[in-house]
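Now for the letters of each chain:
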Amino acid sequence: MGEIIKKNFNDADETRQPTDNVKLDIVNLGSVKVAKMVAQPGWKWSEHIKPIVGTETCENTHIGVLISGSMIVADENGNEVKVNSGDAYYIGPSHDGWVLGNDPVIAFEFDQTTAESYGTKQ
C-alpha cells in the first residue's frame with residue numbers, strides 16, 4: 001500500500017527566520033523536506049545571509065518555483081537571470097540573489113539540503 005503525507009505550511013514542522021526580511025517554513029514529508037521562502041523587498045543574499053553563513057556566495061543548490069514577486073540571481077561570473085512569478089528554477093552553487101521591486105518573493109524550494117540548512121552557518 002502506498003503512503004500519502006500531507007502537510008500545510010501554516011503548521012510547518014520548522015520555521016527559520018535568519019533575518020527579519022526572510023523567512024522559511026519547512027515541512028517534513030518523510031523522505032523529503034520542502035521549504036516555503038518569503039523574502040521581503042530589499043532582501044539581498046550578500047547583505048543579509050552572507051554574514052551568517054560565512055561564505056563569499058550562496059553555496060546551496062536551489063530547485064523550486066517562484067509563485068509571487070520577482071528576483072535577480074547572479075552567478076560568480078556576473079551572469080544575471082530574472083526569475084518571475086510562475087517560473088520554475090534550478091540555481092547551482094556560487095550565486096547571489098535579491099528581491100526585485102516592491103513585492104515580496106514567495107517561492108517553494110524542493111532541494112533537501114537547502115531546506116535543511118538555508119540560513120545557517122555551513
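Residues numbered from 1 in each chain as written. Predicted model: local features only at pLDDT ≥ 70, side-chain atom pairs only at ≥ 80, totals over all residues. Heavy atoms only, no water.

> Any chance you could explain the overall build of the protein chain here in plain terms?
Assigned secondary structure in the protein chain consists of three helices and nine strands. When the helices and strands of the protein chain are placed in sequence order, the string is β-β-β-α-α-β-β-β-β-β-β-α. What you see for the protein chain is a C-alpha radius of gyration of 14 Å, in line with the 14 Å of a compact globule of 122 residues. When its C-alpha atoms are laid out on the principal axes, the protein chain stretches across 50 × 30 × 25 Å. Partitioning the intrachain contacts of the protein chain with sequence separation of at least 6 by distance along the chain shows that 60% fall at a separation of at least 24. Total accessible area on the protein chain stands at roughly 6,700 Å², and carbon and sulfur atoms take up 48% of it. (Helix = DSSP H or I, 4+ residues; strand = E, 2+ residues; numbered from the N terminus. Rg over C-alpha atoms; globule rule 2.2 N^0.38 Å. Contact = heavy atoms within 4.5 Å. Areas by Shrake-Rupley, 256 points an atom, 1.4 Å probe, with all protein chains shown as cover.)

> How should I be thinking about the sheet that holds strand 8 (residues 95-100) in this particular structure?
Note on sheets: strands pair through backbone hydrogen bonds, and any given pair is parallel or antiparallel. Read from one edge of the open sheet, three strands run 6-5-8, paired in antiparallel fashion. Of all the strands in the sheet, just strand 6 (80-84) and strand 8 have a single pairing partner and so form its edges. Averaged over all pairs of adjacent strands, the angle between strand axes in this sheet comes to 20°, irrespective of strand direction. Inspection of the sheet shows strand 5 (residues 70-75) paired to strand 6 by five bridges, in the antiparallel sense. Counted as the bridge partner of Met 71 is Val 83 from strand 6. (Pairing = 2+ DSSP bridges. Axes fitted to C-alpha atoms, helices over the stretch in contact; angles between N-to-C directions.)

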